[in-house]
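Listed here are the chains, written in short residue letters.
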Amino acid sequence: DVKVTQSSRYLVKRTGEKVFLECVQDMDHENMFWYRQDPGLGLRLIYFSYDVKMKEKGDIPEGYSVSREKKERFSLILESASTNQTSMYLCASSLVAGESNEQFFGPGTRLTVL
Amino acid sequence: SQKIEQNSEALNIQEGKTATLTCNYTNYSPAYLQWYRQDPGRGPVFLLLIRENEKEKRKERLKVTFDTTLKQSLFHITASQPADSATYLCALVPGGSYIPTFGRGTSLIVHP
């Protein structure tokens, strides 16, 4: 079974702190994604990566950056956390040419910025 | 602008009945459509995919239909059980892409 793990389930940070969210997948997937999920707004794509060191902006990249130094690991960075970045963050991975291109999601990190 | 609409109101049904969830879209030409299940506090889990040239897909108690003329997909759960209670998300993937755009999801509550 594909497993996508995220470094923390719950995280509390202060405004202005630099925050790192880590995601690791164990099935050699090329694609990795970061989403945030907010009530009433659904899943919104922040960034995605289709290969090591490659990254593309999603729909809401402002205030975020990412890093993919190894195929299995995709990090989301909040350079200076703000209260409006309080959210559930979900990482996902998928094959480039899978039969269904289904996304495999991690359990999520609920981030609170005070 | 592109829009994916799922009922924001929760769907409440009795155990044993068929649940039907709707996904409508506008200004979109999806190559295929996916359905995911999400339990509270967890990531979505893929259930089914249906392609633009398919009318219907089944998997156990699940059935998905796709009408590209109406721009609508229906997701059915037959003989529903309380364990089916969750939020169900549809996701559209355009041709030549592997990146889905997700709807906001509909909450299903199955009462015993």
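Computed from a predicted model, the values in this text were never measured in an experiment.

### Section: the overall build of chain A
Okay, step 1: When helices and strands are tallied, chain A shows 0 helices and 11 strands.
Okay, step 2: Taking 13 Å as the expected radius of gyration for a compact globule of 114 residues, we find that chain A reaches 13 Å, a close match to that expectation.
Okay, step 3: Dimensions of chain A along its principal axes, counting C-alpha atoms only, are 40 × 30 × 25 Å.
Okay, step 4: Considering chain A as a whole, with its 114 residues, one finds that 48% of them fall into the buried category.
Okay, step 5: Restricting the contact set of chain A to residue pairs at least 6 apart, pairs at least 24 apart contribute 56%.
Okay, step 6: Accessible surface, chain A: about 5,600 Å² in total, of which carbon and sulfur atoms supply 50%.

### Some thoughts on the overall build of chain B
Okay, step 1: Counting its secondary structure elements, chain B contains 0 helices and 11 strands.
Okay, step 2: Sequence-ordered secondary structure for chain B, helices as α and strands as β, is β-β-β-β-β-β-β-β-β-β-β.
Okay, step 3: Since a compact globule built from 112 residues should have a radius of gyration of about 13 Å, the 13 Å found for chain B is in line with a globular shape.
Okay, step 4: Principal-axis analysis of the C-alpha atoms gives chain B an extent of 40 × 30 × 20 Å.
Okay, step 5: With 112 residues in all, chain B has 45% of them scored as buried.
Okay, step 6: Summarising the internal contacts of chain B: among those between residues at least 6 apart in sequence, 55% fall at separations of at least 24.
Okay, step 7: Here chain B has roughly 5,700 Å² of accessible surface; of this, 46% comes from carbon and sulfur atoms.
Okay, step 8: If the 13 positive side-chain charges of chain B are averaged to one point and the 10 negative ones to another, these points end up 2 Å apart.

### Observations regarding unusual backbone geometry
Negative phi is the rule for most residues except glycine; trans is the rule for most peptide bonds.
Okay, step 1: One non-glycine residue, Lys53(A), adopts positive backbone phi at about 65°.
Okay, step 2: On the secondary structure map, Lys53(A) appears in the loop between strand S5 (42–49) and strand S6 (56–57).
Okay, step 3: One non-glycine residue, Lys71(B), lies in positive phi territory at about 60°.
Okay, step 4: One can find Lys71(B) in the loop between strand S7 (62–67) and strand S8 (72–77).

### Considering the interface of chain A and chain B
Okay, step 1: At the junction of the two partners, chain A supplies 23 residues and chain B supplies 18 residues.
Okay, step 2: Each partner contributes to the roughly 1,600 Å² buried at the junction of chain A and chain B, and carbon and sulfur atoms together form 55% of this total.
Okay, step 3: At the boundary of chain A with chain B, the tally comes to 0 salt bridges.
Okay, step 4: Along the contact surface separating chain A from chain B lie 4 residue pairs in polar contact (both at pLDDT 80 or more).
Okay, step 5: Each residue belonging to the side of chain A that touches chain B can be placed in one class, and the counts come to 12 nonpolar, 8 polar and 3 charged.

### Overview of the environment of Leu95(A)
All names here are of chain A.
Okay, step 1: If you trace the backbone, Leu95 turns up in the loop between strand S9 (87–94) and strand S10 (104–105).
Okay, step 2: Classification of Leu95 as partly exposed rests on a relative accessible area of 38%.
Okay, step 3: Remark: the alpha-carbon pair of Leu95 and Met32, spanning 63 residues in sequence, is separated by 8.9 Å.
Okay, step 4: The residues contacting Leu95, other than those within four sequence positions of it, are His29, Glu30, Asn31 and Asn101.

### Thoughts on the sheet that holds S8(B)
Residues and elements named next belong to chain B.
Okay, step 1: Taken together, 5 strands build an open sheet; the order of strands is S1-S3-S8-S7-S6 and the sheet is antiparallel. Two strands lie at the open edges of the sheet, namely strand S1 (3–6) and strand S6 (56–59), each paired on one side alone. Going from strand to strand, the sheet's axes swing by 15° on average, the running direction of each strand aside.
Okay, step 2: Across 6 bridges, the pairing between strand S3 (residues 19–26) and S8 is antiparallel. Bridge pairing in S8 links Leu21 to Phe75.

### Considering the sheet that holds strand S8 (residues 73–78) of chain A
All names here are of chain A.
Okay, step 1: Ordered in space as S1-S3-S8-S7, the 4 strands form an open sheet in which the pairing is antiparallel. Of all the strands in the sheet, just strand S1 (4–6) and strand S7 (65–70) have a single pairing partner and so form its edges. Direction aside, the axes of adjacent strands within the sheet are offset by 20° on average.
Okay, step 2: By the bridge criterion, 6 bridges tie strand S3 (residues 19–25) to S8 in an arrangement that is antiparallel. Looking at S8, one finds that Val19 is bridged to Leu78.

### Side note on the pattern of salt bridges
All names here are of chain A.
Okay, step 1: For the structure on display, the rule yields 11 salt bridges over all chains.
Okay, step 2: Residue Arg73 is joined to Glu22 by a salt bridge in which the shortest nitrogen-to-oxygen separation is 3.9 Å. On the criterion of sequence distance, the pair formed by Arg73 in strand S8 and Glu22 in strand S3 is long-range, its members being 51 residues apart.
Okay, step 3: On the basis of relative accessible area, Glu22 is assigned to the partly exposed category, the value being 24%.

Conventions and cut-offs
Residues numbered from 1 in each chain as written. Chains lettered and ligands numbered in written order. Predicted model: local features only at pLDDT ≥ 70, side-chain atom pairs only at ≥ 80, totals over all residues. Heavy atoms only, no water. Helix = DSSP H or I, 4+ residues; strand = E, 2+ residues; numbered from the N terminus. Rg over C-alpha atoms; globule rule 2.2 N^0.38 Å. Buried < 20%, exposed > 50% of the residue type's maximum accessible area, 1.4 Å probe, protein only. Contact = heavy atoms within 4.5 Å. Areas by Shrake-Rupley, 256 points an atom, 1.4 Å probe, with all protein chains shown as cover. Lys, Arg positive; Asp, Glu negative; His and termini not counted. Charge placed at Lys NZ, Arg CZ, Asp CG, Glu CD. Buried area = accessible area lost by both parts, 1.4 Å probe. Salt bridge = Lys/Arg side-chain N within 4 Å of Asp/Glu carboxyl O. Polar contact = N/O pair within 3.5 Å; in protein donor to acceptor, adjacent residues only side chain to side chain. Nonpolar A, V, L, I, M, F, W, Y, C, P; charged D, E, K, R; others polar. Pairing = 2+ DSSP bridges. Axes fitted to C-alpha atoms, helices over the stretch in contact; angles between N-to-C directions.

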